[in-house]
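Breakdown of the fold
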Amino acid sequence: MIITLTMFLIGILLGFIGAGGSGFIIALLTVVFGVSIHTALGTSLAAMVFTTMSGAYSHYRQGNVDVKAGITVGVFGAIFSYLGSRIAVWIPVHSLHFLTAGMLFLSAIMLMIRLFIVNRLKETNKGEIKSTGSFLFRASAVGIVTGILSGTFGIGAAPFIQLGLMIVLGLSVQKSVGTTMLVILPIAMAGGTGYYFEGYFNVQLLVQVLIGTMIGSYIGAKFTDSVPLPILKSAMVLTPIMAGAILLIP
């Protein structure tokens, strides 16, 4: 019950800033509740399957999903997310804490870059990749990199996926946001499956996390439009930084 209540409070924050929050979930489960980091990684990936499903459908209904790019990047991402989950089990616990924290800090930097260049990308990235060979190469590169990051460190890698879709595949900002939700689905599913087969999966823990975060995020989303944009952007960047800092607590 304590885990569910904590996840509910975190869900309010995540719903407010519009983030998946896997890093924060991992940090709290490991540092506060003593869950092994490998189990926390598997749980966070499994939770993302459910939390992004409705978002992906909603964006698809609004026309903000490039299905071809989403499926292509997602397939490559899923394969390497599964491989990443198998790699993670060989990484020592202490090192995995440190590396995951580092990835969260890097996610914050990527998010800052995205927020900083978003207006330019609206004007400059209107072209489409016309060559099939070029498209497959670019899409596979985005999928491989983000899949490895997600599977190994249990993070959604949304900032990395969005930047890849915008810069490498030339999608618009709106399309990149919606398509990212579609990409995360197979990546999270494959990564979670890898941890499941390695024995790092707890169904009861997953249910507790989902109940708390899904209810909390629904409530938190109602406050997004009521705060100034600079505060919202600051909260978006500070969230993965705080999660990474918590993971570094001895």
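Note that the structure is a prediction, hence the values are computed from the model and not measured.

This part covers the overall build of the chain. Helix and strand counts for the chain stand at 10 helices and zero strands. In sequence order, the chain lays out its α and β elements as α-α-α-α-α-α-α-α-α-α. Residues classed as buried in the chain amount to 51% of the 250 residues present. For the chain, the accessible area works out to roughly 11800 Å², and carbon and sulfur atoms hold 71% of it.

Here methionine 48 shows up in helix α3 (residues 37-61). Along the chain, methionine 48 and isoleucine 155 lie 107 residues apart, while their C-alpha atoms are 9.1 Å from each other.

Glancing now at the pattern of salt bridges. For the coordinates displayed, the defined rule picks out one salt bridge. Of the charged contacts, one joins glutamate 198 and arginine 86 as a salt bridge, the two residues approaching to 2.5 Å between their closest N and O atoms. Within this pair, whereas glutamate 198 is found in the loop between α8 (173-197) and α9 (203-220), its partner arginine 86 is found in helix α4 (residues 67-88), the two being separated by 112 residues in sequence. Of the residues examined, glutamate 198 reaches a relative accessible area of 28% and is grouped as partly exposed. Overall, arginine 86 belongs to the partly exposed group, its relative accessible area being 32%.

Attention now moves to α4. With 22 residues, α4 extends 30 Å between its outermost C-alpha atoms, agreeing within 8% with the 32 Å of an ideal straight helix rising 1.5 Å per residue. Among the residues making up α4, those that are buried are Ala69, Gly70, Thr72, Val73, Gly74, Gly77, Ala78, Ser81, Gly84, Ser85 and Ala88. The distance from a side-chain oxygen at the start of α4 to the backbone nitrogen of lysine 68 is 3.3 Å, and the residue carrying that oxygen is aspartate 66.

To continue, consider the packing of α3 against α8. It is the contact of α3 with α8, at a shortest axis distance of 7 Å, that shows an interaxial angle of 150°. Between α3 and α8, the angle falls in the class roughly antiparallel. α3 and α8 meet at a crossing whose hand is left-handed. Contacts between α3 and α8 involve His38, Leu41, Gly42, Leu45, Met48, Val49, Thr52, Met53, Gly55, Ala56 and His59 from the former and Val177, Gly178, Met181, Leu182, Ile184, Leu185, Ala188, Met189, Gly191, Gly192 and Tyr195 from the latter. A breakdown of the residues in the contact of α3 with α8 according to their chemical character gives 14 nonpolar, eight polar and no charged.

Within the element layout of this structure, threonine 43 appears in helix α3. On the accessibility criterion, threonine 43 (1% relative accessible area) is buried. A polar contact is formed between the side chain of threonine 43 and the backbone oxygen of threonine 39, at a distance of 2.8 Å. Contact partners of threonine 43, with chain neighbours within four places excluded, come to Leu29, Leu205, Leu206 and Val209.

Turning next to the environment of glycine 164. Summarising the element assignment, glycine 164 is placed in helix α7 (residues 158-168). Residues glycine 164 and valine 145, 19 residues apart in the sequence, show an inter-C-alpha distance of 9.5 Å. If we skip the residues at most four places from it in the chain, glycine 164 touches Val142 and Leu169.

Below, the discussion takes up the packing of aromatic side chains. By the definition in use, this model includes two aromatic pairs. Measuring from ring centre to ring centre gives 5.5 Å for tyrosine 196 and phenylalanine 197, while their planes differ by 70°; the resulting arrangement is edge-to-face. For tyrosine 196, a relative accessible area of 49% gives the class partly exposed. The class of phenylalanine 197 is exposed, set by a relative accessible area of 57%. Ring geometry for tyrosine 196 versus phenylalanine 201: centroids 5.7 Å apart, planes at 80°, classification edge-to-face.

The next subject is the confidence of the model for the chain. Averaged over all residues, the pLDDT of the chain equals 82, while 88% of them reach at least 70. The spread of mean pLDDT over the elements of the chain runs between helix α5 (residues 93-124), the lowest at 76, and α4, the highest at 94.

What counts, and where the lines are drawn
- Residues numbered from 1 in each chain as written.
- Predicted model: local features only at pLDDT ≥ 70, side-chain atom pairs only at ≥ 80, totals over all residues.
- Heavy atoms only, no water.
- Helix = DSSP H or I, 4+ residues; strand = E, 2+ residues; numbered from the N terminus.
- Buried < 20%, exposed > 50% of the residue type's maximum accessible area, 1.4 Å probe, protein only.
- Areas by Shrake-Rupley, 256 points an atom, 1.4 Å probe, with all protein chains shown as cover.
- Salt bridge = Lys/Arg side-chain N within 4 Å of Asp/Glu carboxyl O.
- Expected span 1.5 Å × (residues − 1).
- Polar contact = N/O pair within 3.5 Å; in protein donor to acceptor, adjacent residues only side chain to side chain.
- Axes fitted to C-alpha atoms, helices over the stretch in contact; angles between N-to-C directions.
- Parallel < 35°, antiparallel > 145°, perpendicular 65-115°, else oblique.
- Left-handed = near helix turned anticlockwise from the far one by under 90°.
- Contact = heavy atoms within 4.5 Å.
- Nonpolar A, V, L, I, M, F, W, Y, C, P; charged D, E, K, R; others polar.
- Phe/Tyr/Trp six-rings, centres within 6.5 Å; stacked < 30°, edge-to-face > 60°.
- pLDDT = per-residue confidence, 0-100.

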